[in-house]
Amino acid sequence: MNHNQETLAARAAPILFVLLWSTGFIGTKYVVNNADPLTYLAIRMAIVVGLMAIIAGIARPKWPDRAGIAHSAVAGILVHGFYLGGTAIAIAHSIPAGLSALIPGLQPILTSTIANRWLGERVTPLQWAGLVLGLGGVVLILHNRPMTGEAGLGWLASVVSLVSITLGTLYQRRYCNHIDWRAGNLVQYVAVTIFFAIGAFLFEDRVVHWTQEFVLALAWLAVALSIGSIGLLYWLIRHAAATSVASLFYLVPAVTALMAYLLFGEKLDAIAIAGMALCATAVFVVNRRS
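Residues numbered from 1 in each chain as written. Predicted model: local features only at pLDDT ≥ 70, side-chain atom pairs only at ≥ 80, totals over all residues. Heavy atoms only, no water.

This part covers the overall build of the chain. Along its length, the chain carries eleven helices and zero strands. Each helix and strand of the chain, placed in order from N terminus to C terminus, yields the pattern α-α-α-α-α-α-α-α-α-α-α. Residues classed as buried in the chain amount to 51% of the 290 residues present. In the chain, once contacts between residues fewer than 6 apart in sequence are set aside, the share between residues at least 24 apart is 91%. Surface accessibility of the chain: about 13,000 Å² in total, with carbon and sulfur atoms responsible for 68%. (Helix = DSSP H or I, 4+ residues; strand = E, 2+ residues; numbered from the N terminus. Buried < 20%, exposed > 50% of the residue type's maximum accessible area, 1.4 Å probe, protein only. Contact = heavy atoms within 4.5 Å. Areas by Shrake-Rupley, 256 points an atom, 1.4 Å probe, with all protein chains shown as cover.)

Spelled out as structure tokens, the structure:
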């Protein structure tokens with residue numbers, strides 16, 4: 001890849017990542033209407049394992065040692081297991097698809113704090129200001145939302161998603177950057193398939209309605225999300241600081257909300273829209289180098 005291609009890829013990757021990542025919440029809305037959340041995720045990850053096995057078989061990457069396999073399994077449980085599980089459970093417990101991205105949207109705040117201490121990355125005062133600005137935007141979006149009952153359980157699941165994707169991203173950057181993404185991802189997906197299968201057998205009735213809606217959404221989530229967006233995420237982690245990568249998650253709630261409005265008629269008021277504008281501004285500020 002020449003310099004111009006690398007520059008184009010560096011500019012296009014964040015935009016494509018945000019678009020793909022946002023569709024994950026939309027697709028999850030479709031699948032949990034037809035299947036128990038952990039059951040659907042076990043099926044999805046089994047499909048992804050098959051796809052990654054084909055990719056790895058063709059590419060024949062260098063396989064990690066025992067420590068690398070263990071690190072990949074931990075990263076997989078965090079990035080895919082608790083994050084996706086929390087998101088699916090949140091949507092299954094009546095959290096609208098357009099709002100299910102909001103709590104994980106706080107990831108930049110948590111990431112910057114941990115990265116500053118764990119990875120030794122310096123977060124500038126300007127970046128801290130952007131992170132706080134983004135937090136304010138998320139608070140505006142959450143105003144007047146129900147936080148008790150079934151919705152409360154859904155928001156709790158979203159908090160689990162926030163913590164897991166934050167720790168998983170940092171863990172991936174610290175311990176798995178040297179592992180070939182094809183081999184590492186295959187290990188991660190095998191581990192998380194077992195994780196979801198155990199969860200489905202322990203906590204669910206494993207109900208699945210194989211409707212056209214379910215099959216199409218499942219195919220999109222398995223290929224475009226688990227292969228496409230995760231590959232982009234790990235590419236971004238390798239090529240950017242953790243804080244800058246995490247700041248992209250501020251854009252996901254706004255993009256998801258727009259998609260949810262178009263597809264499901266989910267509406268946001270003026271205050272929530274203003275909050276999303278603050279989040280977009282925060283992304284710009286956090287990614288400035290000065």
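A few words on the packing of aromatic side chains. On inspection of all chains with the given rule, the structure shows seven aromatic pairs. For the ring pair phenylalanine 17 and tryptophan 21, a centre distance of 5.1 Å and an interplane angle of 40 degrees mean the geometry is tilted. Of the two residues, phenylalanine 17 and tryptophan 21 both sit in helix α1 (residues 3-32), four residues apart, roughly one turn of that helix. An aromatic cluster is built from Phe17, Trp21 and Tyr83, whose rings are joined through pairwise contacts. The ring of phenylalanine 264 carries the charged tip of lysine 29 above its face, separated from the ring centre by 6.0 Å. (Phe/Tyr/Trp six-rings, centres within 6.5 Å; stacked < 30°, edge-to-face > 60°. Lys NZ or Arg CZ within 6 Å of the ring centre and 35° of its normal.)

Another aspect to go through is the packing of helix α2 (residues 37-59) against helix α8 (residues 212-239). Axis separation between α2 and α8 bottoms out at 10 Å; the angle between their running directions is 50 degrees. In this view, α2 runs oblique relative to α8, as classed from their interaxial angle. When you trace α2 past α8, the crossing you get is right-handed. Residues Tyr40, Ile43, Arg44, Met45, Ile47, Val48, Leu51, Met52 and Ile55 of α2 touch α8, and the partners they reach there are Phe214, Leu218, Leu221, Ala222, Val223, Leu225, Ser226 and Ile227. (Axes fitted to C-alpha atoms, helices over the stretch in contact; angles between N-to-C directions. Parallel < 35°, antiparallel > 145°, perpendicular 65-115°, else oblique. Left-handed = near helix turned anticlockwise from the far one by under 90°.)

Geometric descriptors of this kind do not, in isolation, establish any biological role.
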